[in-house]
Amino acid sequence: MKNLYLIAYLDLKESLRAKWFLVYSLVFGGLIALFFIAGVTESQVMGFSGLSRLLLMYIQITIVILPIFILITTVRSISGDRDNHILEYMLSFPISLKQYYWGKIIGRFITVYIPVLFAMVIAVFYGFIKGAEIPWSIFFLYTGLLFSLSSAFLGIAFFISSFVKSSEVALGIAFFIWIFLLAFIDIALISLMMQQRFNEGVIIFIAMINPMELFRVAAISLFDPELTVMGPVAFYILDLMSQTLFVLLAIGYPLLLGLLFATLGFVIFKKKDLV
Amino acid sequence: MIQISNLTKKFGSHLSLDNVSCTFDKGESVALMGANGAGKTTLIRSILGYYHPDGGEVLINGLNPIQERTKVLQDISFVPQLPPPIKLSTEELIHYISVSANVEKELIRHYANEMKLDISANANKSFFKLSGGMKQKLLIAISLAKKSNIIIYDEPTANLDPKARDDFYRLLKENENEKILLFVTHRLEEVRELVNRQIYMDLGKVVSDEIF
Ligand SMILES: Nc1ncnc2c1ncn2[C@@H]1O[C@H](COP(=O)(O)OP(=O)(O)OP(=O)(O)O)[C@@H](O)[C@H]1O
Ligand SMILES: [Mg+2]
């Protein structure tokens, strides 16, 4: 336990000093600042206003950029340390591979999760000062969604980093996964839908296996079903199961997916040579 | 005791260790020698449990260094051939070692001083920004402070100035009693005083093994 905490703590400290972390924090903090400057909270579009709208916009953008940020910054964490012989030295001390690997993940998780959460807290706080009504249920839903979004992609990134050889390939895989989940699946499904080969249940099921799509739908699931933003997919799902169940699923499934990938990564890490 | 039996390690089709067997006992100080690419580093890494062998096994006091890595590594001090580009500050690195391996920070400072390395002046510097020789001095100080029964050095003196080399050999001499010391080197005359056994490797095999 002590060693797990030690590794996490040192990784966190190292990340906080890194330039990518600065950029990362500025992007999400800047996003919130931009929304306020642009007066998003004052506008009335599509029936909802104020902070809920700001938070919705924030999470919609975050769903797109957070995964690529996490993938790019993490995809070389283990293999990079192996290639430049950092593991050779750091693991010459009596630390188990389990403690090392999971300690790294915990440290990295805190690094990627805190800034996106913090940006949202600032938004709520600033909105509160300006006298806006605080949409607590949305705030807590998004806190949970960001948590499981971060873990899903962190898990995938650590999985890749457990075996990939060169930085170029690692980055290539990262981009591919991101684009694939972001767009390719949708495009493929739309074309399938147009050919009417499968029934819509199957198509929606496939769409929802994709964590990014699941987050998109979950992000709007608390809004009034009458709203046009809902779209047919969300409408279909909320017709199928209760809102609570869907929210639990939207948070639980990606979390599990992340854990699964991280565990696979650990198995590979343990099986491979350390240098 | 380190027991290596029929150890074979391949990288692709290249045989880096070819059926190596040997034993190191308490009180032995070994100069491990051989041409570049002979397999010295590979042997050392296998002892540390970093490589999954293609054949044979390594036992350290009867324990497998892969399966029982934390127990085995408790008793090993190691300085690698090249200091790695660790991004932690010197202070953080020392903290890491003091917590994970139960080494007193004071003792690391003591040995660093003996090696003429001023730790406090470099406490907040990233380890990889230290000069080559300073890095090696710090790793050597750590290895001595760890008080292990097995000490493994993979050419640790490459970047040390002559004065630092003398300091290092003096400290090592004070510390080697009743231990196993494995010392990879290309210059036997330097460690002659220190060692009582010489192993020569070539093409992944032990080609000569002399005790003096
Ligand atoms: N990770 C690896 N992948 C592929 N080949 C490797 C790897 N590590 C070592 N080798 C090969 O194994 C052989 C032995 O290497 P090793 O590092 O053990 O030599 P060495 O005796 O330490 O040499 P030197 O004196 O130059 O340090 C070399 O031919 C090297 O190319
Ligand atoms: Mg070598």
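These numbers come from a predicted model, not from an experiment.

A few words on the overall build of chain B. Secondary structure assignment for chain B yields seven helices and nine strands. For 212 residues, the compact-globule formula gives about 17 Å, and the C-alpha radius of gyration of chain B, at 17 Å, lands near that figure. Taken along its principal axes, the extent of the C-alpha atoms in chain B is 45 × 35 × 30 Å. The buried share among the 212 residues of chain B stands at 55%.

For the rest of this paragraph, the subject is empty space enclosed by the protein. A full pass over the atoms with the stated rule returns two cavities of 30 Å³ or more. The volume enclosed by the largest cavity comes to roughly 70 Å³. Contributing to the lining of the largest cavity are L97, F269, K270, K272 and L274 of chain A together with G49, Y50, H52, P65, I66 and R69 of chain B. Tallied by class, residues from the lining of the largest cavity come to six nonpolar, two polar and three charged. Taken as a whole, the second largest cavity encloses approximately 50 Å³ of empty space. The wall of the second largest cavity is formed by Y89, S92 and F93 of chain A together with I76, S77, F78, L139, I142, S143 and K146 of chain B. Listing elements by their share of the lining of the second largest cavity, those giving two or more residues are strand 5 (76-79) and helix 5 (132-145) of chain B. Of the residues contributing to the lining of the second largest cavity, the split by class is six nonpolar, three polar and one charged.

This part covers the nonpolar core. Y58, Y142 and F269 of chain A together with I4, F24 and L138 of chain B are the most contacted members of the largest nonpolar core, which has 159 residues in total. Sorting elements by how many residues they give to this core places helix 7 (residues 136-163) of chain A first, with 15 residues. Of the residues that make up this core, three or more belong to each of domain 1 (1-75 + 148-159 + 179-212) and domain 2 (83-147) of chain B.

Another point: the sheet that holds strand 1 (residues 2-11) of chain B. Residues and elements named next belong to chain B. Strand order in the open sheet made by the three strands is 2-1-4, with antiparallel pairing throughout. Where the open sheet ends on each side, the last strands, each with one partner, are strand 2 (14-24) and strand 4 (55-60). Across the sheet, the mean angle from the axis of one strand to that of its neighbour is 20 degrees, orientation sign disregarded. Here strand 1 pairs with strand 2 via seven bridges, running antiparallel. Counted as the bridge partner of I2 is F24 from strand 2. Helix-sheet contacts for helix 1 (residues 40-47) involve strand 1, strand 2 and strand 4, and the interaxial angle to strand 1 is about 120 degrees.

Here we come to the coordination of the magnesium ion (ligand 2). Residues and elements named next belong to chain B. Around the magnesium ion (ligand 2), the protein contributes the donor atoms T41 (OG1) and Q81 (OE1), which lie 1.9 to 2.3 Å from the metal centre. In this pair, T41 sits in helix 1 while Q81 sits in the loop between strand 5 and helix 3 (90-100), placing the two residues 40 residues apart along the sequence. Exposure remark for Q81: the relative accessible area of 31% places this residue in the partly exposed category.

As a further point, take the site of ligand 1. Residue and element names in this part refer to chain B. Near ligand 1 you find 15 residues, and of these S16, K40, T41, T42 and Q81 are the closest. H14 is positioned with one of its side-chain polar atoms (N or O) 3.0 Å from an oxygen atom of ligand 1. H186 places a side-chain nitrogen or oxygen 3.4 Å from an oxygen atom of ligand 1. Protein chains bury 67% of the 630 Å² of accessible surface belonging to ligand 1 in isolation. At the level of elements, strand 2 and helix 1 are the ones that each hand at least two residues to the shell around ligand 1. Among the elements that make up the shell around ligand 1, the one with the highest residue count is helix 1 (three residues).

Residues and elements named next belong to chain A. Residues I106, I110, I114, F118, V121, I122 and Y126 make up a contiguous nonpolar surface patch of about 590 Å² in total accessible area. Relative to the elements of secondary structure, I122 occurs in helix 6 (residues 97-129). Overall, I122 belongs to the partly exposed group, its relative accessible area being 42%.

Residue and element names in this part refer to chain A. For the pair helix 6 and helix 7, the least separation of the axes is 10 Å and the interaxial angle reads 150 degrees. Comparing their axes, helix 7 and helix 6 come out roughly antiparallel. Here helix 6 and helix 7 pass one another in a crossing that is right-handed. Contact with helix 6, carried on its side by Y101, K104, I105, R108, F109, V112, Y113, V116, L117, M120, V121 and V124, involves W136, F139, Y142, T143, L146, F147, S150, S151, L154, F158 and F159 of helix 7 and no other residues of that element. Classifying every residue of the contact of helix 6 with helix 7 gives 18 nonpolar, three polar and two charged.

If you look at the interface, chain B gives 30 residues, while chain A gives 29 residues. Contact between chain B and chain A buries roughly 2,800 Å² in total, counting both sides, with carbon and sulfur atoms accounting for 63%. Together, Y50, R69 and Y96 of chain B form the three largest contributors to the area buried by chain B at its contact with chain A, with a combined 24%. The tally of links from chain B across to chain A stands at four salt bridges. The residue D273 of chain A makes a salt bridge to K9 of chain B at a minimum N-O spacing of 2.8 Å. Our count for the contact surface shared by chain B and chain A stands at 17 residue pairs in polar contact (both at pLDDT 80 or more). Elements represented by at least two residues in the side of chain B that touches chain A include exactly strand 1, helix 2 (69-73), strand 5, helix 3 and helix 5 of chain B. Broken down by element, the side of chain B that touches chain A gets its largest block of residues, seven residues, from helix 3 of chain B. Classifying every residue of the side of chain B that touches chain A gives 18 nonpolar, six polar and six charged.

Conventions used here
- Residues numbered from 1 in each chain as written.
- Chains lettered and ligands numbered in written order.
- Predicted model: local features only at pLDDT ≥ 70, side-chain atom pairs only at ≥ 80, totals over all residues.
- Heavy atoms only, no water.
- Helix = DSSP H or I, 4+ residues; strand = E, 2+ residues; numbered from the N terminus.
- Rg over C-alpha atoms; globule rule 2.2 N^0.38 Å.
- Buried < 20%, exposed > 50% of the residue type's maximum accessible area, 1.4 Å probe, protein only.
- 1 Å grid on protein atoms, 1.4 Å probe; cavity = no way out; pocket = protein on both sides within 12 Å on 5 of 7 lines; lining within 4 Å.
- Points joined across faces, edges and corners; volume = space filled by probe spheres on them.
- Nonpolar A, V, L, I, M, F, W, Y, C, P; charged D, E, K, R; others polar.
- Core = buried A, V, L, I, M, F, W, Y, C linked by side-chain atoms within 4.5 Å.
- Domains from an automatic or database assignment.
- Pairing = 2+ DSSP bridges.
- Axes fitted to C-alpha atoms, helices over the stretch in contact; angles between N-to-C directions.
- Contact = heavy atoms within 4.5 Å.
- Donors = N, O, S within 2.8 Å, 3.2 Å for Na, K, Ca; no water.
- Near = heavy atom within 4 Å.
- Polar contact = N/O pair within 3.5 Å; in protein donor to acceptor, adjacent residues only side chain to side chain.
- Areas by Shrake-Rupley, 256 points an atom, 1.4 Å probe, with all protein chains shown as cover.
- Patch = residues over 30% accessible without salt bridge, like charges linked within 9 Å, V, L, I, M, F, W, Y side chains within 5 Å.
- Salt bridge = Lys/Arg side-chain N within 4 Å of Asp/Glu carboxyl O.
- Parallel < 35°, antiparallel > 145°, perpendicular 65-115°, else oblique.
- Left-handed = near helix turned anticlockwise from the far one by under 90°.
- Buried area = accessible area lost by both parts, 1.4 Å probe.

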